[in-house]
There are 2 protein chains.
Amino acid sequence: MNKIIILAVFCASIIVPPAVAGAPTALAIHGGAGTISRDKLTPDREQAIRAALDRALDAGHAVLDAGGPALDAVAAAVVVLEDSPYFNAGKGAVFNADGVNELDSAIMDGSTRRAGAIAGVHRVRNPVQLARAVMEQSPHVMLVGDGAEAFASSIGMPLVEPSYFRTEERWQQLQDAKARTSARVALPRSYYFGTVGAVALDASGHIAAATSTGGMTNKRWGRVGDAPIIGAGTWADAGCGVSATGWGEFFIRLNVAADICARVAYRGDTLADAAGSVVMKRVPELGGDGGVIAMDAQGNIAMPFNTSGMYRAWIRPDGSRGTAVYADP
Amino acid sequence: MNKIIILAVFCASIIVPPAVAGAPTALAIHGGAGTISRDKLTPDREQAIRAALDRALDAGHAVLDAGGPALDAVAAAVVVLEDSPYFNAGKGAVFNADGVNELDSAIMDGSTRRAGAIAGVHRVRNPVQLARAVMEQSPHVMLVGDGAEAFASSIGMPLVEPSYFRTEERWQQLQDAKARTSARVALPRSYYFGTVGAVALDASGHIAAATSTGGMTNKRWGRVGDAPIIGAGTWADAGCGVSATGWGEFFIRLNVAADICARVAYRGDTLADAAGSVVMKRVPELGGDGGVIAMDAQGNIAMPFNTSGMYRAWIRPDGSRGTAVYADP
């Protein structure tokens, strides 16, 4: 019996990081930025989306509240968002031009700079968990396509049927996108957008970030956006973490997530100034749009977006929490 | 006849950028960093490698000398290196675990922040040209796998037989790597390394960077290294450009290429200090190794590496040129 207790104490000392009692923790999540309009988002749907954001917050916060690592918190929050049909990630992801859901994800642990990313998988229920497995169970950072799924199988991760990801709404969007493309009519911006992500600060002062997406409706040619690109859509270091959502090509070209953190680290910008400058100035200057959630080592949160809305939610170090959709919450 | 002359003048005014007469130009290229030892690199082979580097320099310099854009210069230099069997890119690339050459590349134009990248292609003779085509002829930045090859076909780029890339030396390396892996014996570091790249400053003051690689011998699971990751292995902005070579996972986790440029832009570090700090301190601290070639808007060149050698060559703004293999050239 004593041995069991000693073993339990020993294991707990390994598993639970040295959390500082009363140290600030914080969590921010997003469910994508885009043209969200009040006349199209019904009250019922908005309520369902806010409820999903709240569940994701709860899942992440439970980890932080128990003194768990930021890495676990962002993974837990993103899994809830991936499992919800309302967001373009996991269940509910958009379809590519071949009528297949093609998923990308990345996760990064700021304190160790460990990172994992996957792109172009079709049968992994929770891409963020595969990204994490790449980080923790392979010598690599990024795996793509069939190879990434073979890796998933090799570590015993169950694969789902591709049909698992299908929602009728996304299927209709693909049909509409194909018709518009044939007719050379522009796609609604909402077809491009949608990503989920989380950033957390744990009681040990460590920051982690994670992002997951289905990419762009009707995408072709194995297109990879910013979500799984470490530095572009996902980044965490010792002092700052970012998860982005938006027109991925522009976010890659501007190295958005890492650039925000570099401005904080090297120029002493506040997190709000750094995130604001990149998202509200640099991205639109180049012709892109979208938003980010960003967090610094004090638990400050910045959530700028240059679109009409961004699904987002947060718990600040003082315990205050909220969900918001539009610029005016 | 007059019309033809007017048309020719008109076209020339579009094609040739507003080069400033006498403005400094510079070019740096690399053929990979790694454990290059004097007792294993025969004089004949070293001479052949230096000659290939010289040809790549000539190709890039011819563009710059004619007032052409840095983007053309880095592409021209990298094509020569891809076509040489001595470097791990294009012809002469290492084999993956399936006995296939799997190629990655990226290119970036600093003045416009346009970028293109491809990963996991098997039939594209010059991956840097496909990366450039993604940048210029698609709305995307990154395409991977079969999709990237489908895009190449869609724009009329001829594909080669996968056997084109085969060299006997690389094939034997794969057999040896498999035997060592089975016997749980560490691979020689030279199996991991090898990448080619170029950075140029043109007479208009624009910087471009490009990188191309076959990745790691015996790689599995669709592994993607840093070369095609914009910000990690390849980066260019208005004031700085970098192409990296080394253990890609560490270069991704440190966002190496963009971080060097961020230190210059945001903290006022000299290029030499920025590149030196990242390559000689941050990368080894994390357990990685490799090197970079970096250039700023004045044409200063930094080429730090923390391995025993890095194949490299340069032409400075004053016209001086050289090739080097070891720390002592």
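The model shown is predicted, which means the values in this text are computed figures rather than measured ones.

To continue, consider the overall build of chain A. For chain A, the helix and strand inventory stands at nine helices and 13 strands. Taking 20 Å as the expected radius of gyration for a compact globule of 329 residues, we find that chain A reaches 19 Å, a close match to that expectation. Oriented by its inertia axes, the alpha-carbon framework of chain A measures out at about 70 × 45 × 40 Å. The 329 residues of chain A split such that 60% are buried. If you sum the accessible surface of chain A, you get close to 12,100 Å²; carbon and sulfur atoms cover 56% of it. Computed over 29 positive and 32 negative side-chain charges, the separation of the two mean positions in chain A equals 4 Å.

What follows deals with the state of the cysteines. All names here are of chain B. The full count for this structure, using the stated rule, is two disulfides over all chains. With a sulfur-sulfur separation of 2.2 Å, Cys-240 is cross-linked through a disulfide to Cys-261. Classification of the bridge connecting Cys-240 and Cys-261 rests on its S-S torsion, roughly -75°, and on that basis the disulfide is left-handed. Taken together, the residues Cys-240 in strand 9 (residues 240–246) and Cys-261 in helix 8 (residues 256–267) connect sequence positions 21 residues apart.

A separate point is the confidence of the model for chain A. Detailed reading of the predicted coordinates is not advisable wherever pLDDT falls low. Residue and element names in this part refer to chain A. Chain-level pLDDT for chain A is 91 on average; 91% of the residues reach the 70-or-more range. In the predicted structure, residues 1–17 sits below a pLDDT of 50 and forms five contacts with residues beyond four places in sequence or in another chain. In the model output, the complex is listed with pTM 0.93 alongside ipTM 0.92.

Moving on to unusual backbone geometry. The bulk of non-glycine residues show a negative phi, and the bulk of peptide bonds are trans. Even without glycine at this site, Arg-113 of chain A takes up a positive phi of about 60°. The topology assignment puts Arg-113 of chain A in the loop between strand 2 (103–109) and strand 3 (114–121). Arg-113 of chain A sits in the buried class, given a relative accessible area of 14%. Of note, the phi angle at Asn-218 of chain B is positive, near 70°, even though the residue is not glycine. Tracing the backbone shows Asn-218 of chain B in the loop between strand 6 (207–213) and strand 7 (223–224).

This part is about the pairing of strand 2 of chain A. Residue and element names in this part refer to chain A. Within strand 2, seven of the seven residues are buried, leaving the element largely enclosed by the surrounding structure. Of the two faces of strand 2, the one holding Leu-103, Ser-105, Ile-107 and Asp-109 and the one holding Asp-104, Ala-106 and Met-108 are both buried throughout. Hairpin connection from strand 2 to strand 3: four residues lie between these consecutive antiparallel strands, with Arg-113 at a positive phi of about 60°.

For sheets, the rule is that strands pair by backbone hydrogen bonds, running either parallel or antiparallel. Strand order in the open sheet formed by nine strands is 13(A)-12(A)-1(A)-5(A)-6(A)-2(A)-3(A)-4(A)-7(B), with mixed pairing between adjacent strands. Two strands bound the open sheet, and with one partner strand each, they are strand 13 (321–326) of chain A together with strand 7 of chain B. With five bridges joining them, strand 1 (residues 26–34) of chain A and strand 5 (residues 196–201) of chain A adopt antiparallel strand pairing. Its bridge partner being in strand 5 of chain A, Ala-26 of chain A is matched across the sheet by Leu-201 of chain A. Sheet strands touched by helix 2 (residues 43–65) of chain A: strand 1, strand 5, strand 12 (309–315) and strand 13 of chain A. Its angle to strand 13 of chain A, the strand with the most contacts, is close to 145°. Packed on one face of the sheet, helix 4 (residues 127–137) of chain A meets strand 2, strand 3, strand 4 (142–144) and strand 6 (207–213) of chain A and runs near 130° to strand 3 of chain A.

Here we take up the relation of the copies chain B and chain A. Note on the identical chains: chain B maps onto chain A by a rotation of 180° and an axial translation of 0.0 Å, with an RMSD of 0.0 Å. Interpreted geometrically, this transformation is the action of a two-fold axis. Taken together, the interface assignments show that 100% of the residues at the interface of chain B recur at the interface of chain A, consistent with an identical surface on both copies.

Basis of the calculations
- Residues numbered from 1 in each chain as written.
- Chains lettered and ligands numbered in written order.
- Predicted model: local features only at pLDDT ≥ 70, side-chain atom pairs only at ≥ 80, totals over all residues.
- Heavy atoms only, no water.
- Helix = DSSP H or I, 4+ residues; strand = E, 2+ residues; numbered from the N terminus.
- Rg over C-alpha atoms; globule rule 2.2 N^0.38 Å.
- Buried < 20%, exposed > 50% of the residue type's maximum accessible area, 1.4 Å probe, protein only.
- Areas by Shrake-Rupley, 256 points an atom, 1.4 Å probe, with all protein chains shown as cover.
- Lys, Arg positive; Asp, Glu negative; His and termini not counted.
- Charge placed at Lys NZ, Arg CZ, Asp CG, Glu CD.
- Disulfide = S-S within 2.5 Å.
- pLDDT = per-residue confidence, 0-100.
- Contact = heavy atoms within 4.5 Å.
- Pairing = 2+ DSSP bridges.
- Axes fitted to C-alpha atoms, helices over the stretch in contact; angles between N-to-C directions.
- Least-squares fit on C-alpha atoms with pLDDT ≥ 70 in both.

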